[in-house]
Amino acid sequence: SNLQVSINDINFNNPVLNAAGVRCQSTTELDAILASTAGGAVTKSATLQPRNGNETPRMQSLPFGSINSMGLPNYGFDYYLDYVINQQIAGNQNLILSIAGLSIAENLTMLRQIQASDYQGLVELNLSCPNVAGKSQVGYDFEAVADILAAAFTFFDGHLGLKLPPYFDLNQFDELSAILNQYPLTYVNSINSIGNGLAVDLDTETVVIKPKAGFGGIGGDYVKPTALANIRAFRLRLNPAIKIIGTGGISSGQDVFEHILCGADLVQIGTAFGPEGTPIFERVTDELETIMVAKGYRSLADFRGKLKII
Ligand code: FMN
């Protein structure tokens, strides 16, 4: 079957990518993703300056997913911009450069540098990191989202996507979609982790991660229904030119199928990519193709967004 996806003329051989933050901090890790059957690679969210991130332990597997409070450890914006430009020179366009400035000004500075560079690929502005102490998730402040888009599109004419936190009230989708539809956004990526969850260790009667007194972002199976709802809710409201990347709770071909059925163009795997590593991309893609063959679908467009209600 044909698993190809094209976003603004940028081509992906299949729709399954890594999600920012898991096994994508170093060029070695990014090379491994590109050398696998993944449809493409997403870089660890960059801040302008390199960061060590939060104190450890800062990530823990849970029975149905993960909790983390990494605090954006990364090698700094220049490191990732250089990487994606070098890939572009080598002929690889299937990359996403993720940025997560610690302030609106820092995000605009990075976008200006991208605009001034030779990079012509996708850029993912992460407005949803829950794990930097003292910084709230911009994606929950709709005025701030409107302000940053208004400022960014005065000078940025590349391919800009937004990584959003999960929303839980249908009015939030109405309000935010009305804002997003005013701008030439390339895509929305839903969801980042469900912020500020908490897990308990029964034996020690403690939290399981050290930063932020144990509060951290939840990923994995726990978050799939929330991710599907966010994809579906945005697909029903955003103008069709704005594509959707589905992230959250994917560890099988069935999960990918469900994300696409709800409206996702591409998907990303975070938590499940950790323990399984790059073989997950081939497994999940094979499982997706098996489902498509059984259902008689030949391309992703045959079922994308076609979720039925009862
Ligand atoms: N999302 C980002 O946009 N930028 C990040 O730097 C980032 N770091 C993460 C680090 C870890 C260890 C984990 C588990 C997640 C991180 N995320 C980050 C969120 C994931 O990209 C993803 O949106 C979320 O975990 C839900 O997907 P999943 O259920 O497949 O894990």
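An account of the accompanying structure is given in this report.

### A look at the sheet that holds strand β16 (residues 266-269)
Spatial ordering of the open sheet is given by β3-β16-β15-β10-β9-β8-β7-β4, a layout of 8 strands whose pairing is parallel. Either end of the sheet is taken by a strand with one partner, and the two such strands are β3 (16-18) and β4 (41-42). Pairing of strand β9 (residues 159-164) with strand β10 (residues 187-190) involves 4 bridges; the strand directions are parallel. Bridged to Leu-162 within β10 is Val-188.

### Regarding the site of the ligand
Neighbouring residues of the ligand: 25 residues in total, closest Lys-44, Ser-45, Gly-220, Gly-249 and Thr-271. In this structure, a nitrogen atom belonging to the ligand sits 2.7 Å away from a side-chain N or O atom of Ser-45. Contact between the ligand and Asn-126: an oxygen atom at 3.1 Å from a side-chain N or O atom of the residue. Protein chains shield 97% of the accessible area of the ligand, which is 610 Å² for the free molecule. Each residue belonging to the shell around the ligand can be placed in one class, and the counts come to 9 nonpolar, 14 polar and 2 charged.

### Some remarks on the packing of helix α7 (residues 253-262) against helix α9 (residues 279-295)
Any two packed helices are characterised by how steeply their axes cross, that is the angle between the axes, and by the distance between the axes. Closest axis-to-axis distance for the α7/α9 pair is 7 Å, and the angle between their directions is 65°. Seen from above, α7 lies across α9 with right-handed handedness. Seen from α7, the contacting residues are Gly-253, Gln-254, Val-256 and Phe-257; seen from α9, they are Val-284, Glu-287, Leu-288, Ile-291 and Lys-295. Residue composition of the contact of α7 with α9, grouped by class: 5 nonpolar, 2 polar and 2 charged.

### What to know about helix α4 (residues 142-152)
Residues spaced three or four apart along an α-helix face the same direction, because each turn holds 3.6 residues. For α4, the set of buried residues is Phe-142, Ala-144, Val-145, Ile-148, Leu-149 and Ala-152. Projection of α4 onto a plane perpendicular to its axis shows the buried side chains occupying an angular sector of 160°, all on one side. Away from the buried face of α4 by more than 90 degrees, exposed residues Glu-143 and Asp-147 are located.

### Let's talk about the sheet that holds strand β14 (residues 215-219)
Strand order in the open sheet made by the 4 strands is β5-β6-β14-β11, with antiparallel pairing throughout. The open sheet has two free edges, formed respectively by β5 (59-62) and β11 (194-198), since each of these has just one partner strand. Strand-to-strand twist of the sheet, defined as the mean angle between neighbouring strand axes without regard to direction, takes the value 40°. Examined bridge by bridge, β5 and strand β6 (residues 65-68) share 4 bridges and lie antiparallel to one another.

How each quantity is defined
- Residues numbered from 1 in each chain as written.
- Predicted model: local features only at pLDDT ≥ 70, side-chain atom pairs only at ≥ 80, totals over all residues.
- Heavy atoms only, no water.
- Pairing = 2+ DSSP bridges.
- Helix = DSSP H or I, 4+ residues; strand = E, 2+ residues; numbered from the N terminus.
- Near = heavy atom within 4 Å.
- Polar contact = N/O pair within 3.5 Å; in protein donor to acceptor, adjacent residues only side chain to side chain.
- Areas by Shrake-Rupley, 256 points an atom, 1.4 Å probe, with all protein chains shown as cover.
- Nonpolar A, V, L, I, M, F, W, Y, C, P; charged D, E, K, R; others polar.
- Axes fitted to C-alpha atoms, helices over the stretch in contact; angles between N-to-C directions.
- Left-handed = near helix turned anticlockwise from the far one by under 90°.
- Contact = heavy atoms within 4.5 Å.
- Buried < 20%, exposed > 50% of the residue type's maximum accessible area, 1.4 Å probe, protein only.
- Arc of directions from axis to C-beta.

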